Amino acid sequence: MSEKKEPNSKDLSYITKVWYTVAIVAIVAIIILIARVAFSVLLMALAGCLISVYFHALADLIQRKTKWSRLICMLISTIGSFIIIGVLLWFMGSKIQVQIAALSDTLPQTLHNAKAQLAQTPLGKKILEATNGGNSDKLFATAQEFFSTGFGVLGDIYIIFFLGIFFTASPALYQNGIILLMPHGAKPVAQRIISRSTQSLRGWLKGTMISMVLIAILLPIALTFTGIPLALVLGLLTAILVIVPNFGSFAAMIPGVLLALTISPQTALIVAIIYIAIQTLVSNIIAPIVQKKMINLPPALTIIGQLVMGALGGALGIIMAIPVLALVMILVDELYVKKINVE
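Okay, so let's go over this structure. This one's a predicted model, so the numbers in the text were calculated from it and none came from an experiment.

### Quick look at the overall build of the protein chain
Along the backbone of the protein chain there are twelve helices and zero strands. Starting at the N terminus and walking to the C terminus, you meet the elements of the protein chain as α-α-α-α-α-α-α-α-α-α-α-α. Taken over 343 residues, the protein chain has a buried fraction of 30%. Look at the contacts in the protein chain between residues 6 or more apart in sequence, and 69% of them connect residues 24 or more apart. Approximately 21800 Å² of the protein chain is accessible, and the part contributed by carbon and sulfur atoms is 73%.

### A short note on the side chain of His56
Assignment of secondary structure puts His56 in helix H1 (residues 9–66). Assessed through its relative accessible area of 13%, His56 is described here as buried. Only 3.0 Å separates the side chain of His56 from the backbone oxygen of Thr168, close enough to count as a polar contact. If sequence neighbours within four positions are ignored, His56 has contacts with Arg70, Met74, Phe167, Thr168, Pro171 and Arg202.

### Examining the pattern of salt bridges
Within the structure shown, the criterion is met by six salt bridges. The salt bridge involving Glu334 is made with Arg192; its shortest N-O contact spans 2.9 Å. Of this pair, Glu334 sits in helix H12 (residues 321–342) while Arg192 sits in helix H7 (residues 187–226), and the two are 142 residues apart along the sequence. Overall, Glu334 belongs to the buried group, its relative accessible area being 3%. Here Arg192 falls in the partly exposed class, since its relative accessible area comes to 36%.

### Observations regarding the layout of surface pockets
Its volume calculated, the second largest pocket comes out at about 1200 Å³. Lining the second largest pocket are 33 residues, with Cys49, Ile178, Ile194, Ser197 and Leu327 sitting closest to its centre. If you list the elements that add at least two residues to the lining of the second largest pocket, you get H1, helix H6 (171–181), H7 and H12. Of the residues forming the lining of the second largest pocket, the biggest block, ten residues, is contributed by H1.

### Examining the packing of helix H8 (residues 231–241) against helix H9 (residues 247–261)
Close contact between H8 and H9 brings their axes to 8 Å; oriented N to C, the two are set at 165 degrees. Compared by their axis directions, H8 and H9 come out roughly antiparallel. In this structure, H8 crosses over H9, and the sense of that crossing is right-handed. The residues of H9 that touch H8, namely those facing Leu234, Leu237, Thr238 and Leu241, are Gly248, Ser249, Ala251, Ala252, Pro255, Gly256 and Leu259. For the contact of H8 with H9, the per-class residue count stands at seven nonpolar, four polar and no charged.

### Some thoughts on the nonpolar core
Ranked by size, the top nonpolar core spans 21 residues in total, and within it Leu219, Leu223, Ile228, Tyr275 and Ile278 carry the most contacts. For this core, the elements supplying multiple residues, two or more each, are H7, H8, H9 and helix H10 (265–290). For this core, the element with the highest residue contribution is H10, accounting for seven residues. If we skip the residues at most four places from it in the chain, Ile278 touches Ile215, Leu218, Leu219 and Ala222. Listed in part, the 19 residues of the second largest apolar core include Met44, Ile160, Trp204 and Met320.

### A word on helix H11 (residues 299–319)
Given a rise of 1.5 Å per residue, 21 residues ought to cover 30 Å, yet the end C-alpha atoms of H11 are separated by just 16 Å, more than 12% below that figure. At Gly313, H11 shows its largest bend, some 145 degrees. Within H11, burial applies to Thr302, Gly305, Gln306, Met309, Gly313, Ala315, Leu316, Gly317 and Ile318.

### Comments concerning the packing of aromatic side chains
Scanning all chains against the criterion turns up five aromatic pairs. Ring geometry for Tyr54 and Phe55: centres 5.2 Å apart, planes at 55 degrees, overall tilted. When its relative accessible area of 25% is taken as the criterion, Tyr54 is described as partly exposed. Centroid distance Phe55 to Phe82: 6.0 Å. Interplanar angle 55 degrees. Geometry classified as tilted. One end of the pair, Phe55, is in helix H1; the other, Phe82, is in helix H2 (residues 70–118), and 27 residues separate them in sequence. Overall, Phe82 belongs to the partly exposed group, its relative accessible area being 39%.

### Quick notes on the environment of Leu301
For Leu301, the position within the fold is in helix H11. Look past the residues within four positions of Leu301 in its chain and what remains in contact with it is Leu325 and Met329.

### Notes on helix H5 (residues 157–169)
Owing to its 3.6 residues per turn, the α-helix brings residues three or four apart onto one side. Across its 13 residues, H5 extends 18 Å between first and last C-alpha, which sits within 8% of the 18 Å expected from 1.5 Å per residue. Those residues of H5 not exposed but buried are Ile160, Gly164, Phe167 and Thr168. Seen end-on, H5 carries its buried residues on one side only, within an arc spanning 100 degrees. Turned more than 90 degrees from where H5 packs its buried face, Tyr158 and Ala169 sit exposed.

Rules and cut-offs
Residues numbered from 1 in each chain as written. Predicted model: local features only at pLDDT ≥ 70, side-chain atom pairs only at ≥ 80, totals over all residues. Heavy atoms only, no water. Helix = DSSP H or I, 4+ residues; strand = E, 2+ residues; numbered from the N terminus. Buried < 20%, exposed > 50% of the residue type's maximum accessible area, 1.4 Å probe, protein only. Contact = heavy atoms within 4.5 Å. Areas by Shrake-Rupley, 256 points an atom, 1.4 Å probe, with all protein chains shown as cover. Polar contact = N/O pair within 3.5 Å; in protein donor to acceptor, adjacent residues only side chain to side chain. Salt bridge = Lys/Arg side-chain N within 4 Å of Asp/Glu carboxyl O. 1 Å grid on protein atoms, 1.4 Å probe; cavity = no way out; pocket = protein on both sides within 12 Å on 5 of 7 lines; lining within 4 Å. Points joined across faces, edges and corners; volume = space filled by probe spheres on them. Axes fitted to C-alpha atoms, helices over the stretch in contact; angles between N-to-C directions. Parallel < 35°, antiparallel > 145°, perpendicular 65-115°, else oblique. Left-handed = near helix turned anticlockwise from the far one by under 90°. Nonpolar A, V, L, I, M, F, W, Y, C, P; charged D, E, K, R; others polar. Core = buried A, V, L, I, M, F, W, Y, C linked by side-chain atoms within 4.5 Å. Expected span 1.5 Å × (residues − 1). Bend = angle between axes of the 7 residues up to and from the residue. Phe/Tyr/Trp six-rings, centres within 6.5 Å; stacked < 30°, edge-to-face > 60°. Arc of directions from axis to C-beta.

What follows is the structure, given as structure tokens:
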């Protein structure tokens, strides 16, 4: 009768290591999947924080000018903002809706007319040859996917709005909660990171909003003098896309130039110059003056951050790329750069 072979300790050790490896890989995979799913939630939370930062910054401004109580200033900041938005939608909503519908209806014909205008010039023929066939199909498919993704973000506005209201109502509750989770020695650093992040987000938000307002005013006026139809909706579209640096200004210019091209190539050139001049004035001169407390982000790093955030979070990721980059740079500065310089 054969004796039962006892398992070798080395075999047990090897099997244990294999199971440990499998368990670690599984845990890492689960964490990556959870982080991928939760990334959009974190972006919406950050967008809600931006709404809260806006309301509190406006309340601070009102309080400095009037010396009224904090509660009254917060009520004016929140309720007044909704009233202003409601009034603007009341007076301009119907006209904007008509122009958006007209732009959607005339866009295919506009593209056809633009191709006809381009075909009359040697340079235009080369452009059409480069975009014919598969390249053109890929271009329109990419554009369609981008805009469908962008408009899909509208479904998240409801959540972002309520998150912003909750953060506005009691910001100290969430800030103190984060600091409470930190070890005792890290609490001052956490407080400093929160303070710097708030100031940086205020600077970015202030500069972005001023840029949006100026473009929404200046661009429709300039386009109206050139005889371009749908100037109001083109101005609003450009103002909205200001929130997406680099890519947004270029994307906003395309519909205006296409409409101008149906009139004449000279008009299209004038419209392109108007877009570039106004956006350069606002983005490179006015906005940097306003955004004094915003971290200076290198252009290449900004583009890389937008591409990464777009891959991870879609349209909302592209919109929130600059605030996320600013927060990451603050964290790196506080948790790494300052420590190595001290050492």
